[in-house]
Amino acid sequence: DRQYAFAGWYTAKEGGEKWNFSTGRVIKDTTLYAHWTETNGFFNGLTPETAVVINDAATLKQFAEQVNAGETFEGYYFRLGGDIDLNDLGTAWQSIGYHTHISQPNSVKGYDTPPAGSLPFQGNFDGQGYTITLQPAQQYALFGCLGEKAIVEGLRVNGEKMKPDSTRLSFAGISACSYGTIRDCHVVIKPEEIKETYTESDAMFYQTMGGIVGSAV
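Keep in mind the model is a prediction, meaning the values are calculated, not measured.

Caption draft 1: Summary view of the packing of aromatic side chains. In total, this model carries 16 aromatic pairs according to the counting rule given. Seen from their ring centres, Phe63 and Phe125 are 6.1 Å apart, and the 25 degrees between their planes marks the pair as stacked. Taken as a pair, Phe63 in helix α1 (residues 57-68) and Phe125 in strand β6 (residues 124-126) lie far apart in primary sequence, 62 residues in all. Of the residues examined, Phe63 reaches a relative accessible area of 0% and is grouped as buried. Three or more aromatic residues link up through ring pairs in this structure, and these residues are Phe42, Phe43, Phe63, Phe73, Tyr76, Phe78, Phe121, Phe125 and Phe143.

And the structure:
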């Protein structure tokens, strides 16, 4: 079944402006319209026992889109229900969340929490020992930004055949940037071809790369 979350009151059935009840002034008859956002059941995981189960790459992508639209999922629980291969998507992977300083990873250390403009995941994600296989050419980490309340655990990430790409920024198996907790995770990242000598064209990453996390506070 489709599930929806209340997105607020707006001045039009479609589009319009979100009504601010603190500053909005009513000087004439005004009609407000309830707007709803489809959640695909992602708001059901209020406890570890009722954690939302993610079974495939398509659902993981929908989850990422929710975070990238501004939903932090603070206080919610998610877990994998099996191994997931991001190559099943047919499209390039986009991180779960985003850090505003992705092109300036050293700036991560200047904050105790994700700075304005970031889109952090603040929930709980349990891999339950299952593996997520990366796309060989993907430019972005599995998670883009873990907030200070986020917990990622029990997750295995397989990136054994990564293609060279010197434009990758803040790349890692779990998260590009992390202010949160990562525990009991295992990551393998290797180039697609092992050579005795490497040239500049073989560079896999541009800056701030790590096995588990690219930059952390």
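Caption draft 2: Up close: the pattern of salt bridges. Evaluation of the coordinates by the stated rule reveals three salt bridges. Between Lys61 and Glu65 there is a salt bridge, with its nearest N and O atoms 2.5 Å apart. Residue Lys61 and its partner Glu65 are both found in helix α1; the two are separated by four residues, about one turn of the helix. Exposure remark for Lys61: the relative accessible area of 30% places this residue in the partly exposed category.

Caption draft 3: View of the environment of Ala116. If you trace the backbone, Ala116 turns up in the loop between β5 (84-85) and β6. On the accessibility criterion, Ala116 (74% relative accessible area) is exposed. In sequence terms Ala116 and Thr100 are 16 residues apart; their C-alpha atoms lie 7.4 Å from each other.

Caption draft 4: Examining α1 more closely. In this model α1 runs 16 Å from its N-terminal to its C-terminal C-alpha over twelve residues, within 8% of the 16 Å that 1.5 Å per residue would give. Residues Ala57, Leu60, Phe63, Ala64, Gln66 and Val67 constitute the buried set of α1. In this structure Asp56 caps α1, since a side-chain oxygen of it lies 3.4 Å from the backbone nitrogen of Ala58. Once α1 ends, the next one or two residues include Gly70, with phi positive near 115 degrees.

Caption draft 5: How the structure looks around the sheet that holds strand β10 (residues 156-162). Spatially, the four strands line up as an open sheet ordered β5-β7-β10-β13, and their pairing is parallel. The sheet terminates laterally at β5 and β13 (186-191), the two strands that pair on one side only. Here β10 runs beside β13; their pairing, made up of five bridges, is parallel. Its bridge partner lying in β13, Val157 is registered against Val187.

Caption draft 6: Main features of unusual backbone geometry. Backbone geometry places Gln128, a non-glycine residue, at a positive phi of 55 degrees. Residue placement: Gln128 occurs in the loop between β6 and β7 (131-133). Positive phi, normally seen in glycine, also occurs at Asp184, with a value near 55 degrees. Looking at the element boundaries, Asp184 is found in the loop between β12 (181-183) and β13. Residue class for Asp184 comes out exposed when judged on its relative accessible area of 68%.

Parameters at a glance
In every chain, residue numbers begin from 1 and rise along the written sequence. Only residues with pLDDT of at least 70 are given local features in this predicted model, and only at 80 or more are side-chain atom pairs given and counted; all residues enter the totals for whole chains, interfaces and linings. Values shown for side chains rest on all heavy atoms present in the structure; no hydrogens or waters enter the calculation. By convention, a stacked pair of Phe, Tyr or Trp rings (six-membered ring in the case of Trp) has centres within 6.5 Å and planes under 30 degrees apart, an edge-to-face pair has planes over 60 apart, and any other such pair is tilted. The numbering of helices and of strands both runs from the N terminus, where a helix is a DSSP run of H or I of at least 4 residues and a strand a run of E of at least 2. Exposure classes here rest on a 1.4 Å probe applied to the protein chains alone. A residue is buried below 20% of its type maximum, exposed above 50%, and partly exposed in between. Each reported salt bridge corresponds to a side-chain nitrogen of Lys or Arg within 4 Å of a carboxyl oxygen of Asp or Glu. What a helix should span is 1.5 Å times the count of its residues minus one. Distance and chemistry together define a polar contact, namely a pair of N or O atoms within 3.5 Å, with one atom able to donate a hydrogen and the other to accept it when in protein, and with adjacent residues in sequence counting only for side-chain atoms on both sides. Two strands pair if DSSP finds at least two bridges between them.

Without other data, these values stay purely geometric and don't point to any function.
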